[in-house]
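Residues per chain are reported as follows:
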Amino acid sequence: NYGKSYSPCNRMYRRQFLGCLAVAASAPLVSQCARRPIVNRVSSQDGLLELSLTAQAERQTLAGQRSRVLAYNGQVPGPLLEARAGDTVRLTLINQLETPTNLHYHGLHLSPETDNVFREVAPGERYTYEFQIPSNHPAVTAWYHPHYHLDVARQVFGGLAGPIIIRGDLDEIPELQQADETLLLLQDFEPTRQPAEPSSLGKKWGREGSSLLASGQHNPVITMPQNGLLRLRLINASASRIYQLQLQNHPWFLIATDRGAISAPTPLETLRLSPGERADLLIAGQQAPGDYRLISLPYDRGMSDMVSSLGTAVEQMSGVVQPVETTLATLRYQSGTYAEPLPLPQKLISVEPLPAPDHTREFVLNHGIGGGMNGFIINGKSFDMNRVDTKVKLNQVEDWQIVNQASIDHPFHLHTNRFQVIERNGQPETLLSWKDTVSIKGYETVTIRVRFEDFVGRTVYHCHILDHEDQGMMGILEIS
Ligand code: C2O
Ligand code: CU
Ligand code: CU
């Protein structure tokens, strides 16, 4: 009876039992308990990653609060899947939910036929996804989550999400091989025994929860390794929440974005992470013993404009939470001496700019007719499963100018192919990187450049505020 009767402590132990036995055995369990951000890891062996994932509703104590959640294999987040470029994945999804579901591999370059978001796995049924990760796949931090249209926000908000690590080029950098690694999958949820659907205004806004979790815990402690080099992967798996992140009083450096490495470590101040986005960071240094907090700053994704246009008091909108500063995790330097920190790598993997586009198109994001709040639309249309919105040719390069005509943020996500951000509000983007999701603030215009590589078929693009996707802010792209 997996997942019914254990405390957070047992739960942690269970995770360690499969993923971190050495840690559990060599240190007193109590001090490990509910402290370290540990997720159960399933790694490929001899080129094969094989597992089953059971999606199920259950009651769990998450960060000390008894709640009803949706979990994969009894865990929130689901197990960490780790494979190498070229490996085969054989994953059986078992649906023990009361509603249909499916899986999307967000951040993997797979054919639309393999990563088919129109697949339906009915309650009580199972489906085996089997595919090969392309052997030239870059090293990435990716994730999996359900993509069953009209119910995506509820399922992901309920807890269904898990991390994926693909090992490859970036992992060969000698300096990185010496770094300790930690992954934090960020989720928010509303602790409740009986989950209620948000109000219709809450759905327009995009549901948020008052409780923030980093890999299933409140404020886990990450111990700085003695060699002073820590690699931290972050995934925003929240349904709607945009994180504005800072590591207080400590330098940190970006080394990879959604779809792989950047050319060189780049110092950061604040890191904005929209739903769906990932960041890979190096935390390097030699600070005084003590705690350094990873915080999420209040971020306004356009609520005041939305509220004033609706004339509604925010407090009445269930599923809407006022942003406050929150500590997501703590980086701890223990007392004792730290060695000279290891040097940062000078170079990572060079990012070649895509060539000039063969074709340019525009995508206008808005709400209903005349900017009203009835439905979420792209180029005047709400999503239709039976309509192809955009046709492109294999191997062509296109510039997509995405115009947000609404007052609130809409993070734009493209499936299958990675892209480069070229321009934001007419200003050239300074950091060249590979992305699959880009944040677009209210009234902003962002240009992305994409080459349609390797795969033909029908795939999608959409807003990654999942309530917006469910309410129509999605389109079908046909590559031929
Ligand atoms: Cu992470 Cu189409 O989504
Ligand atoms: Cu995706
Ligand atoms: Cu949106």
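Please read these numbers as outputs of a predicted model, since none were measured by experiment.

A.B. asks: Would you explain the environment of Leu234 in this entry?
C.D. replies: Here Leu234 is to be found in strand 13 (residues 229-236). Residue class for Leu234 comes out buried when judged on its relative accessible area of 0%. Separated by 39 residues in the primary sequence, Leu234 and Leu273 place their C-alpha atoms 8.7 Å from one another. Not counting the four nearest positions on each side in its chain, Leu234 is found in contact with Leu184, Leu245, Trp252, Leu271, Leu273, Glu277, Arg278, Ala279, Leu281 and Leu294.

A.B. asks: Looking at this structure, how should I read the coordination of the copper ion (ligand 2)?
C.D. replies: For a metal with four donors in a tetrahedral arrangement, the ideal angle between donors is 109.5 degrees, while six donors in an octahedron ideally sit at 90 or 180 degrees. Within the protein, the copper ion (ligand 2) binds to His104 (NE2) and His413 (NE2); these donor distances fall in the range 1.9 Å. With His104 in strand 6 (residues 104-106) and His413 in strand 25 (residues 412-414), the pair connects residues that are 309 residues apart, well separated along the chain. The same class applies to His104 as to His413, namely buried.

A.B. asks: Before we go on, may I ask you to explain the packing of aromatic side chains in this structure?
C.D. replies: Describing an aromatic ring pair means giving the distance of the ring centres and the angle of the ring planes. For the structure on display, the rule yields twelve aromatic pairs. Judged by centre distance (4.3 Å) and plane angle (40 degrees), the ring pair of Phe363 and Trp400 falls under tilted. Taken together, the residues span a long stretch of sequence, with Phe363 in strand 21 (residues 359-367) and Trp400 in strand 24 (residues 397-404) at a distance of 37 residues. A residue is classified by how much of its surface remains accessible, and Phe363, at 1% relative accessible area, is buried.

A.B. asks: Would you take a moment to explain the coordination of the copper ion (ligand 3) for this structure?
C.D. replies: Each protein donor to the copper ion (ligand 3) is listed here as His410 (ND1), Cys463 (SG) and His468 (ND1); together their distances run 2.0 to 2.1 Å. For the copper ion (ligand 3), the single-chain donor residues occur in sequence as H-x52-C-x4-H. A residue pair is termed long-range when its members are at least 10 positions apart, and His410 in the loop between strand 24 and strand 25 and Cys463 in strand 30 (residues 457-463) qualify at 53 residues. For His410, a relative accessible area of 0% translates into the label buried. For Cys463, a relative accessible area of 2% puts it in the buried group.

A.B. asks: Whenever I open this one, the sheet that holds strand 5 (residues 88-95) confuses me. Can you help?
C.D. replies: Note: strands within a sheet are paired through backbone hydrogen bonds, in either parallel or antiparallel orientation. Strands sit in the order 3-2-5-7 across an open sheet of four strands; the sheet is mixed. Only two strands of the sheet have a single neighbouring strand rather than two, namely strand 3 (65-72) and strand 7 (126-132). Strand-to-strand, the axes of this sheet are offset by a mean angle of 25 degrees, without reference to chain direction. Here strand 5 pairs with strand 7 via seven bridges, running antiparallel. What sits directly across from Val89, in strand 7, is Phe131.

A.B. asks: Please explain the pairing of strand 18 (residues 278-284) as it appears in this structure.
C.D. replies: Every regular strand shows the same layout, with side chains that alternate between the two sheet faces. Extensive coverage of strand 18 is indicated by the burial of seven of its seven residues. In strand 18, alternate side chains face the same way, and those of Arg278, Asp280, Leu282 and Ala284 on one face and Ala279, Leu281 and Ile283 on the other are all buried. Pairing between strand 13 and strand 18: seven bridges, direction antiparallel. Along strand 18, the bridge assignment pairs Arg233 with Asp280.

A.B. asks: Looking at this structure, I do not really get the nonpolar core. What am I missing?
C.D. replies: The nonpolar side chains of a soluble globular protein tend to be buried with one another. The biggest cluster of nonpolar side chains holds 41 residues, and the ones touching the most others in it are Leu234, Leu245 and Trp252. Membership of the second largest hydrophobic core comes to 26 residues, among which are Leu49, Leu53, Ala83 and Ile166.

A.B. asks: Could you clarify how one ought to interpret the side chain of Ser433 in this entry?
C.D. replies: By secondary structure assignment, the location of Ser433 is in the loop between strand 27 (427-428) and strand 28 (437-438). Overall, the relative accessible area of 6% leaves Ser433 in the buried class. In terms of polar contacts, Ser433 uses its side chain to reach the side chain of Thr257, at 3.4 Å. Not counting residues within four places of it along the chain, the set of residues in contact with Ser433 comprises Thr257, Ile262, Val351, Phe419 and Gln420.

A.B. asks: Is there a simple way to explain the pattern of salt bridges in this structure?
C.D. replies: Two side chains of opposite charge can pair, provided their charged atoms sit close to one another. Under the defined criterion, the tally for this structure stands at 34 salt bridges. Of the charged contacts in the structure, one is a salt bridge between Arg167 and Asp171, with a shortest N-O distance of 2.9 Å. Here Arg167 falls in the buried class, since its relative accessible area comes to 15%. The buried category is assigned to Asp171, whose relative accessible area is 10%. Here Asp389 and Arg387 are joined by a salt bridge, their closest N and O atoms 2.7 Å apart. Each of the salt bridges in this network shares a partner with another, and the network as a whole consists of Arg41, Glu82, Arg167, Asp171, Glu181, Arg231, Arg233 and Asp280.

A.B. asks: Help me out: how do you make sense of the pairing of strand 16 (residues 260-267) in this one?
C.D. replies: Of the pairings in the sheet, the one linking strand 15 (residues 253-257) to strand 16 comprises four bridges and is antiparallel in character. Opposite Leu254, over in strand 16, you have Thr266 as the bridge partner. Two successive antiparallel strands, strand 15 and strand 16, enclose a turn made up of two residues.

A.B. asks: I would appreciate a short explanation of the sheet that holds strand 28 in the present structure.
C.D. replies: Spatially, the five strands line up as an open sheet ordered 23-31-30-25-28, and their pairing is mixed. In this open sheet, the two strands that pair with only one neighbour each are strand 23 (390-392) and strand 28. Note: strand 25 against strand 28, two bridges, orientation antiparallel. Of the residues in strand 28, the one forming a bridge with Phe412 is Val438.

A.B. asks: Help me understand the confidence of the model for the protein, please; the structure alone is not making it clear to me.
C.D. replies: Low pLDDT means the predicted atomic positions in that stretch should not be read closely. Overall, the prediction assigns the protein a mean pLDDT of 88, with 87% of residues at 70 or greater. pLDDT under 50 marks residues 1-37. Its contacts with residues more than four places away, or in other chains, come to 60 contacts.

A.B. asks: In this structure, what is going on with the environment of Asn73? I would like to understand it.
C.D. replies: Along the polypeptide, Asn73 turns up in the loop between strand 3 and strand 4 (80-84). In sequence terms Asn73 and Ser52 are 21 residues apart; their C-alpha atoms lie 8.3 Å from each other. Separated by 3.0 Å, the side chain of Asn73 and the backbone oxygen of Ser52 make a polar contact.

Conventions and cut-offs
Residues numbered from 1 in each chain as written. Chains lettered and ligands numbered in written order. Predicted model: local features only at pLDDT ≥ 70, side-chain atom pairs only at ≥ 80, totals over all residues. Heavy atoms only, no water. Helix = DSSP H or I, 4+ residues; strand = E, 2+ residues; numbered from the N terminus. Buried < 20%, exposed > 50% of the residue type's maximum accessible area, 1.4 Å probe, protein only. Contact = heavy atoms within 4.5 Å. Donors = N, O, S within 2.8 Å, 3.2 Å for Na, K, Ca; no water. Phe/Tyr/Trp six-rings, centres within 6.5 Å; stacked < 30°, edge-to-face > 60°. Pairing = 2+ DSSP bridges. Axes fitted to C-alpha atoms, helices over the stretch in contact; angles between N-to-C directions. Core = buried A, V, L, I, M, F, W, Y, C linked by side-chain atoms within 4.5 Å. Polar contact = N/O pair within 3.5 Å; in protein donor to acceptor, adjacent residues only side chain to side chain. Salt bridge = Lys/Arg side-chain N within 4 Å of Asp/Glu carboxyl O. pLDDT = per-residue confidence, 0-100.

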